[in-house]
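Residue strings, one per chain:
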Amino acid sequence: MDSAVASLLAAFVLSILGLFAFIWSLRKGLLVENPRAASVIFARGEIGRADDPALDDGGHDALQAQVTRLEPPPEATDASQLNARIEADRSSAFPVFLFIAFACLWLLVGSLAGVVASIKLHEPDWLVDAAWLTFGRMRTVHLNAVIYGFASNGCLAVIVWLLPRLLRTPLRGASWAMLGGAFINAGVAAGIGAVASGWSDGMEFLEIPWQIDIFIFAGFAMIILPALFTLANRKVDHLYVSVWYFGASLFWIAVLFLVANLPGVHYGVQQATTNWWYGHNALGLWFTPVSIGAIYYFLPKIIGRPIRSYNLSLLGFWTLAFFYPQVGAHHLIGGPVPGWLTTLSIVQSVMMVIPVIAFTINQGGTLWGRMHLARWSPTLRFMMFGGLMYLASSVEGSLEALRSINAVAHFTHFTVAHAHLGMYAFVSMVLFGAVYFMLPRVLAREWPYPRLIDAHFWLASVGILVYVIGLSIGGWLQGLAMLDASRPFLESVTLTMPWLQLRSVAGTAMTIGHFVFVAHVLAMALGFGPQRSGAARFWDPVGRLVHGK
Amino acid sequence: MENEAKLAAGAAVSLGIATAALVVLPYVQVRDVEPPAQLKPYTEAQLRGRQVYIANGCVYCHSQQPRDRNLALDAERGWGRPSVPADYSYDRPHLLGTMRTGPDLLNIGARQPSADWHLGHLYQPRAYVGASNMPAYPFLFVQRDRARDDDRVVSLPPGAAPAGKVVVATREALDLVEYLLSLDRTYPILPTASAATE
């Protein structure tokens, strides 16, 4: 059969399969909206009550005043449900703090390595005397520290903290989560040391030697256990959409990581397709679902309003599950891979518009007329920024996969800018917001210097926008120059210089933001700073719901 | 959704389809590709050099996959014909790359066959290409007051070597250059062989 026809047919069949799965899972009440399921994240009487633990009393009252204007007056809250949540939070506090602490450590390591690598691209004779400081190693240290160190620990913190809340039961097997965390972080530390010393498996996203990967895989496998135990002991009938995202993503990352790192199986061109099957799915099936799941919880919870269309969130989940896993091969466009493979990936990349639009309509509907609440809630600001950037990075990704655009963007800094739009502007911003929400509950303390949250937000958000816009322009010009055979190759190098310098400035701003963030976490954990109210109360004796402190 | 089993089944099926498409099918398709007769397995020194290439992350700036003619004019830059799966028969791990901060290197051995040029260029790229942003790799070399008998002295353009010293290549630098010189896929590929990639 003609290969183009075969690939299109295959893509079509797969897409239809995905949609059938979605319809099948929804056959009960497909056309009826389901506000009850969407309200599962709230205790009885919590709808209409704002909840941002990052705020102090005054800030929270101001936010609540805004919410009160918009929502019907809340009913009396149900003390037993709130107590169950307090129990759930207590059970997960220690492992969650462990993951957040490691995430902070790797964030600093990764940011510094990233800035060094960025400067080296326009100052190539800077720090050249030591092998471990060379560009190729610093870049790899950066990637592994932020991907496996910062973002993975952040995602695990979100999962381990939210699962007991969503399932209304204490975390079971917390020690497995901590043991798994220890394995993963030992593996990340060893992997970064290996890469810096020149021991690498040589493939992007898979540099950590497979001998060390055994520890990381064992860590992920151990963390699946408490998730399963907790699921088995749940006290809710309905699994909220975030639970599916978390459950599926834990399974996906474990399988992806295992298959991609199997030694001695993959080689040559097939290894390259496996490499990008993994590389893109690490983003699409691990960081993205966890971040979306986080937004689906935190955003409605902060504003005290359930998501508008629960069924759209179902559509989003199943279309993501069926379209996203196949998009990776567009990284090999024009390369020595079978033509049907890149075509398949391009088709599925475009299909990714469906889950993204489903997500965006849902968030937009939920936030309708409530965008201004972000002025009162720093956590909401991070979440809204992240959600918006998910839309931006996904639409850009779908367009970028198209042959005509990919031909220019491929092999250039445009791709690097796109990766940061997804991993930073979307995933990292959501994780920052989640930490600002979670840590007051985890440590039972307030954030000591709320202004630092603002400083972090502006440094990170302005920094990443300058980074992405500047580097996208530079990368696009680079791609155009490279495609024009009448211009010498060197021109495609020299014309990127001002954009690379701009990137170093933006990256430095983001890194300063990270130091502010980590210093704030440290001050909070060590009990520095003004003690406004002592230990947090989740619930005061009068029976009034008290926001987290 | 009330049922974890549905979730698990859906997650497994969706990933399974993708794995079949992106991992298993390519495996089946390229499993039986024969190495071209003109492509020689890497020698010991070339393989050691390949490890130096991997250790220092050359792949993050240099691809090894001239693109198809209907997508880009890589051939007109002298980077060679579009590559085919058979060209990578001995590549473990693959080093196709996704970035061209520098030029494609799949045929660098044919394009620049001078070991002296490569050694000097690794020591200080800007002595050869003024506007290059490739890192210098002085740690792959040693400086001596006087060369010893078995030293490979790097012949550098005037002014590139430190005053009063000679620059000597380490074993790693020599291996790396051996590997770079082995990168030569300029042999013709028969249409039947390339048809397998369609």
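Peer 1: Whenever I open this one, the overall build of chain B confuses me. Can you help?
Peer 2: Within chain B, the regular secondary structure consists of 6 helices and 2 strands. Radius of gyration (C-alpha) of chain B: 22 Å, far over the 16 Å computed for a compact globule of 198 residues. If one aligns the C-alpha atoms of chain B with their principal axes, the spans along those axes are about 75 × 45 × 35 Å. Taking all 198 residues of chain B together, the buried fraction comes to 43%. Restricting to contacts in chain B with at least 6 residues of sequence separation, those with at least 24 account for 70%.

Peer 1: Where do I start with the overall build of chain A in this structure?
Peer 2: Broken down by element type, chain A carries 18 helices and 0 strands. Relative to the globule expectation of 24 Å for 549 residues, the C-alpha radius of gyration of chain A, 23 Å, shows essentially globular dimensions. For chain A, the spread of C-alpha atoms along the three principal axes comes to 75 × 55 × 45 Å. With 549 residues in all, chain A has 58% of them scored as buried.

Peer 1: It is not clear to me how the confidence of the model for chain B should be interpreted in this structure. Could you clarify?
Peer 2: Atom-level detail of predicted coordinates should not be read off regions where pLDDT is low. Residue and element names in this part refer to chain B. Mean pLDDT over chain B: 90, with 95% of residues reaching 70 or higher. Residue range residues 193-198 is modelled with pLDDT below 50. Its contacts to residues more than four positions away, or to other chains, number 11 contacts. Predicted complex metrics record ipTM = 0.93 and pTM = 0.93.

Peer 1: Is there a simple way to think about the interface of chain A and chain B in this case?
Peer 2: Where interface size is given, it is often the accessible area lost as the parts come together that is meant. With 74 residues of chain A at the contact, the number on the chain B side is 63 residues. In terms of residues, the side of chain A that touches chain B owes the most to one element, helix α9 (residues 268-303) of chain A, which gives 9 residues.

Peer 1: Looking at this structure, how should I read unusual backbone geometry?
Peer 2: Backbone phi values are negative for most residues with the exception of glycine, while trans is the configuration of most peptide bonds. Between B:R92 and B:P93 the backbone carries a cis peptide bond, its omega angle lying at -5°. For B:P93, the position within the fold is in the loop between α2 (44-55) and α3 (108-111). Positive phi, normally seen in glycine, also occurs at A:R168, with a value near 55°. The phi angle at A:F205 is positive, at roughly 70°, despite the residue not being glycine.

Peer 1: Would you explain the packing of helix α8 (residues 241-261) of chain A against helix α10 (residues 310-323) of chain A in this entry?
Peer 2: Each pair of packed helices gets described by two things: the angle between the helix axes and the distance between those axes. Residues and elements named next belong to chain A. Where α8 meets α10, the closest approach of the two axes is 10 Å, and the angle between their N-to-C directions is 15°. Relative to α10, the element α8 is oriented roughly parallel. Crossing of α8 against α10: the hand is left-handed. For the pair α8 and α10, contact is made by V241, W244, Y245 and A248 and by S313, F317 and A321, respectively. When grouped by side-chain class, the residues that make up the contact of α8 with α10 number 6 nonpolar, 1 polar and no charged.

Peer 1: What should I look at first to understand the environment of A:F97 in this one?
Peer 2: Residues and elements named next belong to chain A. Tracing the backbone through its elements, the reader meets F97 in helix α4 (residues 79-122). When the C-alpha atoms of F97 and A157 are compared, they prove to be 7.5 Å apart, with 60 residues separating the residues in sequence. Setting aside its immediate chain neighbours within four residues, F97 contacts V442 and L443.

Peer 1: Just to check I follow, could you spell out the pairing of strand β2 (residues 166-169) of chain B for this structure?
Peer 2: Across a regular strand the side chains alternate sides, sitting on one face of the sheet and then on the other. Residue and element names in this part refer to chain B. Across the two faces of β2 the burial differs, with V167 and A169 buried and V166 and V168 not buried at all. One ladder, built from 4 bridges, connects strand β1 (residues 141-144) with β2; its direction is antiparallel. Note that in β2 the partner of F141 across the bridge is A169.

Peer 1: Is there a simple way to think about helix α15 (residues 413-443) of chain A in this case?
Peer 2: The α-helix advances 3.6 residues per turn, and as a result positions three or four apart in sequence lie on the same side. All names here are of chain A. The largest bend in α15 comes to about 30°, at S428. Most of α15 sits out of view: 29 of its 31 residues are buried. After α15 finishes, the residue A444 shows a positive phi value of roughly 55°.

Peer 1: How do you make sense of the environment of A:L105 when you look at a structure like this?
Peer 2: The residue A:L105 is located in helix α4 in this model. Here the alpha-carbon distance between A:L105 and A:V518, two residues 413 residues apart in the chain, equals 8.1 Å.

Peer 1: What should I look at first to understand the nonpolar core in this one?
Peer 2: General note: in soluble globular proteins, nonpolar side chains tend to be found buried as a group. Residue and element names in this part refer to chain A. Grouped together as the largest cluster of nonpolar side chains are 212 residues, with contacts concentrated most on A157, I159, V160, L163 and V430. Among the elements that make up this core, the one with the highest residue count is helix α5 (residues 135-167) (21 residues). Residues contacting V430, with those up to four places away along its chain left out, are S291, A294, I295, F382, M383 and G386.

Peer 1: Help me understand the packing of helix α16 (residues 450-483) of chain A against helix α18 (residues 497-525) of chain A in this model?
Peer 2: All names here are of chain A. The interhelical angle for the contact between α16 and α18, taken along N-to-C directions, is 160°, at an axis separation of 8 Å. Compared by their axis directions, α16 and α18 come out roughly antiparallel. Regarding α16 and α18, the two cross each other, and that crossing is left-handed.

Peer 1: What is the right way to look at helix α3 (residues 57-70) of chain A in this model?
Peer 2: Residue and element names in this part refer to chain A. Under the 1.5 Å per step criterion, the end-to-end length of α3 is 20 Å for 14 residues, consistent within 8% with the ideal 20 Å. Those residues of α3 lying buried are H60, L63 and V67. Along the axis of α3, the buried positions cluster into a sector of 65°, meaning they face one direction only. For α3, exposure combined with an orientation more than 90 degrees from the buried face picks out G58, A65 and R69. If you follow the buried residues of α3, they end up packed against α9.

Peer 1: Help me understand the environment of A:A62, please; the structure alone is not making it clear to me.
Peer 2: Examined against the element boundaries, A:A62 turns out to sit in helix α3. Separated by 12 residues in the primary sequence, A:A62 and A:A50 have C-alpha atoms spaced 9.9 Å apart.

Peer 1: Any chance you could explain the confidence of the model for chain A here in plain terms?
Peer 2: The predicted model of chain A has a mean per-residue pLDDT of 90, with 91% of residues at 70 or higher. Within the model, pLDDT remains below 50 along residues 534-549 of chain A, and this stretch shows 33 contacts once partners closer than five positions in the same chain are excluded.

Cut-offs applied
- Residues numbered from 1 in each chain as written.
- Chains lettered and ligands numbered in written order.
- Predicted model: local features only at pLDDT ≥ 70, side-chain atom pairs only at ≥ 80, totals over all residues.
- Helix = DSSP H or I, 4+ residues; strand = E, 2+ residues; numbered from the N terminus.
- Rg over C-alpha atoms; globule rule 2.2 N^0.38 Å.
- Buried ≥ 20, exposed ≤ 12 C-beta atoms within 10 Å, placed from the backbone.
- Contact = placed C-beta atoms within 7 Å.
- pLDDT = per-residue confidence, 0-100.
- Axes fitted to C-alpha atoms, helices over the stretch in contact; angles between N-to-C directions.
- Parallel < 35°, antiparallel > 145°, perpendicular 65-115°, else oblique.
- Left-handed = near helix turned anticlockwise from the far one by under 90°.
- Nonpolar A, V, L, I, M, F, W, Y, C, P; charged D, E, K, R; others polar.
- Pairing = 2+ DSSP bridges.
- Bend = angle between axes of the 7 residues up to and from the residue.
- Core = buried A, V, L, I, M, F, W, Y, C linked by C-beta atoms within 7 Å.
- Expected span 1.5 Å × (residues − 1).
- Arc of directions from axis to C-beta.

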